[in-house]
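Breakdown of the fold
Read off the chains here:
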Amino acid sequence: MKDMTNSRRLLIEAQQFLPGGVDSPVRAFKAVGGFPPFMVRGKGSRLFDVDGNEYIDFVCSWGPLILGHSPPTVNAALKKAVDNGTSFGAATELEIIMARLVNRAFPSMEMLRFVSSGTEATMSAIRLARAFTNRDMILKFDGGYHGHSDSLLVKAGSGVATFGLPDSPGVPASFARETVVAPYNNLPAVTAMFKANPGRIAAIIVEPVAANMGVVNPAPGFLKGLRDITESSGALLIFDEVISGFRLDFGGAQALFGIKPDLTCLGKIIGGGLPVGAYGGRRDIMQMISPLGPVYQAGTLSGNPLAMTAGIETIKELSQSGIYEELETKSYEFGLKLNEEIKKSGVKARVNRAGSLLTIFFTDQPVTDYASARKSDTVAFAKFFQGLLSRGIYWPPSQFEAAFLSLAHTDADLEIALKAIGESLAVI
Ligand SMILES: *Cc1c(COP(=O)(O)O)cnc(C)c1O
């Protein structure tokens, strides 16, 4: 066992002022029990807590840190940027540089707007889709997470899944009624919903690779099917690439699968560890955004110079050739070895992987949607998680989250992690 004296003390202090002692629910470890370590520093693949414990980090801030913690180029640029001021509330050239970089990677985003979180990006894209189509309903997928705005906090997977809530109190039933929910990977269900609500559905919003019910890949033809259904019914297709953007490929899932959505939402990696989101897409749609058009959306810190700087440096690093091949090779081999460890242990578990995202589901059945993900043994997962934590491996503290590999994870790191994983599986 690790010494967690200082983390325990801080958690009790934090609980006085912050609900659950945290500012985002999954950090409280409610799904797995025990005390969350309080962190003080990150470097490369490693996190360090207030008791001096060191961890190999597979959370990577839930996705943004594809370069690992404190990448030197990003840090150096940030230190310079700070000296010019932290926020102007006025236009800067940094926003153009960043927009060009995003547009080069995501040509479908002909115009875009920067915001400060993924939640803001999806919420704004939904408002825009409703305005553009003059329709109110949204179709999302069971277990798909698109941030916590009211229309989208319906059967939303991830942190919500962890607590077993179908949605949240405080979301008006009248809002939730405008959101219809289909099982992921189920085209017939989507078709049926369009038939049942003719001319009423403004958009389908989808994680092109689901990563908030644990990792679930789209079945062959699923995304193409969504593209066809939306096109033939006058609805928009919104890809929520907040996790998958710059993660699965430089151009995200849309480049990988060759599907062009009408609107795309980004976040996480494009902020390089600072708070950023973006939404964008077809020019004719984006021209409806204020001040060009009537759809209102604004932000005091949108396009913040520090956030733009971190994003620019991160995307520049990722644009070097061979980066995604390197990440894929590393992740592929890690996935293979994970499967070997599972086999050796005799535990009922299986690995779902999409590039550098992966989930070990504690079930012997294939996981293709949220219902099959929910069949996982969460008690076994909690034991596995605690085994890893005590061995210095910081794994996502929920069965329904993705683990993240970064470019900073070395072969040696992964060998250490695999040994700990083998030992943790053995005690289940
Ligand atoms: C994390 C996430 C969001 C929300 O982003 P925040 O920055 O946490 O608001 C939206 N969609 C997906 C797919 C995400 O993974």
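Now for a description of the structure that goes with this document. Because the structure is a prediction, the values reported are computed rather than measured. (Residues numbered from 1 in each chain as written. Predicted model: local features only at pLDDT ≥ 70, side-chain atom pairs only at ≥ 80, totals over all residues. Heavy atoms only, no water.)

**Structural notes on the overall build of the chain**
Here is the rule: Each helix is a run of DSSP H or I of at least 4 residues and each strand a run of E of at least 2, with the numbering of both proceeding from the N terminus. Computation of the radius of gyration draws on C-alpha atoms alone. For the globule rule, the value is 2.2 Å times the number of residues to the power 0.38. Buried residues are those whose accessible area, probed at 1.4 Å on protein chains only, stays under 20% of the maximum for their type, while exposed residues exceed 50% and partly exposed ones sit between those limits. Contact between two residues is taken to exist if any of their heavy atoms lie within 4.5 Å; hydrogens are not considered. All accessible areas in this document rest on Shrake-Rupley with a 1.4 Å probe, and a residue is counted as covered only by the protein chains that are shown. The charge count treats Lys and Arg as positive and Asp and Glu as negative. His and the chain ends do not count. Positions of charges follow a simple convention, taking NZ of Lys, CZ of Arg, CG of Asp or CD of Glu.
The number of helices and strands found in the chain is 15 helices and 14 strands. In terms of overall size, the chain behaves like a compact globule, its C-alpha atoms giving a radius of gyration of 21 Å where 428 residues would be expected to give roughly 22 Å. Relative to its 428 residues, the chain shows a buried fraction of 56%. Long-range contacts, defined here as pairs at least 24 residues apart, represent 72% of the contacts in the chain between residues at least 6 apart. Only carbon and sulfur atoms are counted for the fraction: they give 55% of the accessible area of the chain, which is about 17,900 Å². Taking the average location of the 41 positive side-chain charges in the chain and that of its 41 negative ones, the two points are 3 Å from each other.

**Here's the deal with the sheet that holds strand 1 (residues 39–43)**
What counts, and what does not: DSSP bridges decide pairing: two strands pair if at least two such bridges lie between them.
In space, the 4 strands of this open sheet follow the order 1-2-3-13, with mixed pairing throughout. Across the chains shown, the open sheet's two edge strands, defined by having one partner strand only, are strand 1 and strand 13 (393–394). As paired strands, strand 3 (residues 54–57) and strand 13 are joined by 2 bridges and run parallel to one another. Bridged to Ile56 within strand 13 is Ile393.

**Side note on the site of the ligand**
Spelled out, the test is: The near set for a molecule or strand comprises every residue that places at least one heavy atom within 4 Å of it. Whenever two N or O atoms come within 3.5 Å, that pair is a polar contact, provided that in protein one can donate a hydrogen and the other can accept it, and provided that, for residues adjacent in sequence, both atoms are side-chain atoms.
Residues in contact with the ligand, as listed here, are Ser117, Gly118, Thr119, Tyr145, His146, Gly147, Glu207, Asn212, Asp240, Val242, Ile243 and Lys268. A distance of 2.8 Å separates an oxygen atom of the ligand from a polar atom in the backbone of Gly118. Contact distances for the ligand include 3.1 Å between an oxygen atom and a side-chain N or O atom of Asn212. The fraction of the free accessible surface of the ligand (380 Å²) that becomes covered by protein chains is 84%.

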